[in-house]
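Spelled out from the first residue to the last, the chains are:
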Amino acid sequence: MTILLATLNARYAHASLGLRYLLANMGALQEQTSLMEFVIGAKTVEVVERLLAKQPRIVGFGIYIWNVEETTKVVAMLKRVAPEVTVVLGGPEVSHETGEQEIVRLADYVVTGWGDITFPKLCGEILHGPKPIMKVHAGVQPPMADIALPYSLYSDEDIAHRTIYVEASRGCPFKCEFCLSSLDKTAWPFGIDTFLAEMETLYQRGARLFKFVDRTFNLNVKTSQRIMQFFLDKIAAHPDDPVYAHFELVPDHLPEALKATIAQFPPGALQFEIGIQSFNPDVQTLVSRRQDNAKAADNIRWLTTHSHAHMHVDLIAGLPGEDVESFARGFDQLVALGPHEIQFGILKRLRGTPIIRHTEPYKMVYDPYPPYTVLATDRIDFPTMQRLVRFARYWDLVANSGRFAHTIKVLLGDSPFANFMAFSDWIYTQLDATHRIALDRLAKLVQAWLQRQGMPAFEAAALVASDYAGSSHKPAEKTAQAKAAAPERQVRHLAA
């Protein structure tokens, strides 16, 4: 095989959309190109061995924040044992600040930004000349209609066992400084008829789990309506074989027409990822985030009360200008709105993002290694930031997991952030760990905490037992209820 496209995915369930786009757009070189995906945690020597077994002349790696460290080791070994193989890098992690990265030093070439046209062109020059002189090649953005869609390149195995990533558009018109999409000028849609025809083909092949990676799915409501109607039609035709679709929504843009469509989806068919990030207007202004907080709150409240959509809402701790008290107010406000999950994230300084302009004024200190998490600011010192990191981890285990659905309400009480922070601090003293915690042990510690807060032992035990997390053995009745509330495809998506 002449050209290999490779990447290390975070999990097996994550199929690389980016590599499939490259393969779909290789033109005359497509027959000489194949795709190989690995998972982070794989042994470096085994990855290199499998790559070289294909006898490639060129290996193109997709580089992301989650795989750059391990891929650096792969590239280093590959260039030692097979220096004649040309290594080309692409992806968001190497599209900015290229001069500072070891993996870029090791590689032969780098494509920054859009690779649909530039990568095949570069490969042709490497194989047939004239040999490129420049190491870094800025990706050329083609008209959207000129990009070959990659969905036929999902295999039957992908469709059966992995999340199918799709996009109806690229880019984002908003300028949130912590996000790489802030560098885009706007959002560019694919032709809706062509896109839906591809979705129809995927559906006919058996795809039932679709994750849209569009940053602003509901920006063009007419397009959103057509896409959602596509899924509603499938559900109406085959209610016993439902689809499951995931979309990222702009929180303050939910017109009545779109609400009416959303309200038609049955339980277990729809998930929304909604980025709030901060409810503090001064912080929002500082990081160039445009958001009508009142409308956003009203829309989340409407979704919780008038739709069956599963809601995953994001907050970011450590933004410039925000202290713990401000974040706590936003967290409590969001808890009161009742989303199914609150993704408590810690700010990361993604390469190339404008957030770097606040480093000196707000004394932002970042981890020098991926994922470049903020370690301290002028408002949150390092020990407090680590408490927030632990809070986020325990929040995932206890609240977002859904295993303590009844208990969490009592645990949070009238002051959700303060009460869960106290619990987080205490449980860390008991475990001295945030990972590899057995479910039974976690349940016992939750019960012990409730007792420490004054709840009688028998009441605490009964409350925890009312959640199926109270035992590693799930009663048959509750298991059936769980399956009814969250079909297998949804569970698989949420776990990913």
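Calculation criteria
- Residues numbered from 1 in each chain as written.
- Predicted model: local features only at pLDDT ≥ 70, side-chain atom pairs only at ≥ 80, totals over all residues.
- Heavy atoms only, no water.
- Helix = DSSP H or I, 4+ residues; strand = E, 2+ residues; numbered from the N terminus.
- Rg over C-alpha atoms; globule rule 2.2 N^0.38 Å.
- Buried < 20%, exposed > 50% of the residue type's maximum accessible area, 1.4 Å probe, protein only.
- Contact = heavy atoms within 4.5 Å.
- Phe/Tyr/Trp six-rings, centres within 6.5 Å; stacked < 30°, edge-to-face > 60°.
- Lys NZ or Arg CZ within 6 Å of the ring centre and 35° of its normal.
- Pairing = 2+ DSSP bridges.
- Axes fitted to C-alpha atoms, helices over the stretch in contact; angles between N-to-C directions.
- pLDDT = per-residue confidence, 0-100.
- Expected span 1.5 Å × (residues − 1).
- Polar contact = N/O pair within 3.5 Å; in protein donor to acceptor, adjacent residues only side chain to side chain.
- Salt bridge = Lys/Arg side-chain N within 4 Å of Asp/Glu carboxyl O.
- Right-handed = clockwise from strand over helix to strand, strands pointing away.

Undergrad: Before we move on, can you summarise the overall build of the protein with the specific residues and values?
TA: When helices and strands are counted, the protein shows 19 helices and 16 strands. For the protein, whose C-alpha radius of gyration is 24 Å, the value lies close to the compact-globule estimate of 23 Å for 496 residues. Relative to its full complement of 496 residues, the protein shows a buried share of 54%. Considering only residue pairs separated by 6 or more positions, the protein has 72% of its internal contacts joining residues 24 or more positions apart.

Undergrad: So what about the packing of aromatic side chains? Which residues, and what values?
TA: As enumerated under the stated definition, the model contains 29 aromatic pairs in all. Among the aromatic residues, those joined into a ring-pair cluster are Tyr151, Tyr154, Phe195, Phe210, Phe212, Phe217, Phe230, Phe231, Phe247 and Phe272. Directly above the ring of Trp114 sits Arg170, whose terminal nitrogen or CZ lies 4.8 Å from the centroid. Above the ring of Tyr428, the side-chain terminus of Arg390 is found at 4.1 Å from the ring centroid.

Undergrad: Give a detailed account of the sheet that holds strand β3 (residues 58-62), specifying residues and quantitative values.
TA: The pairing of strands in a sheet comes from backbone hydrogen bonds and takes either a parallel or an antiparallel form. One open sheet holds the six strands; their spatial order is β2-β1-β3-β4-β5-β6, and the pairing between them is parallel. For this open sheet the edge positions go to β2 (33-39) and β6 (136-138), each flanked by a neighbour on one side alone. Each adjacent strand pair in this sheet contributes to an overall mean axis angle of 20°, direction not counted. Where strand β5 (residues 109-112) and β6 come together, three bridges link them in parallel fashion. Each bridged residue has a counterpart across the sheet, and for Thr112 the counterpart in β6 is Ala138. Across the sheet, helix α2 (residues 44-52) touches β1 (3-9), β2 and β3, and the angle it forms with β2 is around 165°. Sheet strands in contact with helix α5 (residues 118-128) are β1, β3, β4 (86-90), β5 and β6, and its direction is about 160° off that of β5.

Undergrad: Run through the sheet that holds strand β12 (residues 270-277), naming residues and quoting values.
TA: The six strands are arranged β7-β10-β11-β12-β13-β14 in an open sheet whose pairing can be described as parallel. Two strands in the sheet have a free side with no partner beyond their single neighbour: β7 (164-166) and β14 (341-346). Averaged over neighbouring strand pairs, the angle between their axes works out to 20° when direction is ignored. Summarising the sheet, strand β13 (residues 310-317) and β14 pair through six bridges and their orientation is parallel. Each bridged residue has a counterpart across the sheet, and for Ala317 the counterpart in β14 is Ile346.

Undergrad: I'd love a proper account of α5, names of residues and values included.
TA: Summarising burial for α5: nine of the eleven residues are buried, a large majority. Buried residues of α5: Thr118, Phe119, Pro120, Leu122, Cys123, Gly124, Glu125, Ile126 and Leu127, and no others. Where α5 is buried, its residues contact β1, α1 (17-24), β3, β4, β5 and β6. Directly after α5, the chain includes Gly129, whose backbone phi takes a positive value near 80°.

Undergrad: Would you mind going over the confidence of the model for the protein in detail, with residue names and values included?
TA: Summary statistics for the protein give a mean pLDDT of 93 and a share of 94% for residues scoring 70 or more. In the predicted structure, residues 469-496 sits below a pLDDT of 50 and forms 45 contacts with residues beyond four places in sequence or in another chain.

Undergrad: Which residues make up helix α11 (residues 293-306), and what values do they have?
TA: With 14 residues, α11 extends 20 Å from end C-alpha to end C-alpha; this agrees with the ideal 20 Å at 1.5 Å per step. All buried positions along α11 are accounted for by Asn293, Ala296, Ala297, Asn299, Ile300, Trp302 and Leu303. On its buried face, α11 sits against α9 (256-262), β12, α10 (281-286), β13 and α12 (324-337). Sitting at the amino-terminal end of α11 is Asp292, which places a side-chain oxygen 3.2 Å from the backbone nitrogen of Ala294.

Undergrad: Lay out the pattern of salt bridges with the relevant residues and their values.
TA: A complete count under the given rule lists 23 salt bridges for this structure. Where Asp241 meets Arg208, a salt bridge forms, and the shortest distance between an N and an O atom there is 3.0 Å. Highlighted residues: Asp241 in the loop between α8 (221-237) and β11 (244-249) and Arg208 in the loop between α7 (192-204) and β10 (209-212), separated in sequence by 33 residues. A residue is classified by how much of its surface remains accessible, and Asp241, at 24% relative accessible area, is partly exposed.

Undergrad: Account for the side chain of Ser278, with residues named and values stated.
TA: By secondary structure assignment, the location of Ser278 is in the loop between β12 and α10. Under the relative-accessibility criterion, Ser278 is labelled buried at 4%. A polar side-chain atom of Ser278 sits 3.0 Å from the main-chain amide nitrogen of Asn280. The contacts of Ser278, once residues within four sequence positions are left out, are Val283, Gln284, Gln291, Asn293, Leu315, Leu319 and Glu322.

Undergrad: Run through the pairing of β2, naming residues and quoting values.
TA: In terms of burial, β2 is a largely internal element, five of the seven residues being buried. Examined bridge by bridge, β1 and β2 share seven bridges and lie parallel to one another. When the sheet's bridge partners are listed, Asn9 is paired in β2 with Val39. Once the chain exits β1 it traverses α1 before rejoining the sheet at β2, and the crossover so formed is right-handed.

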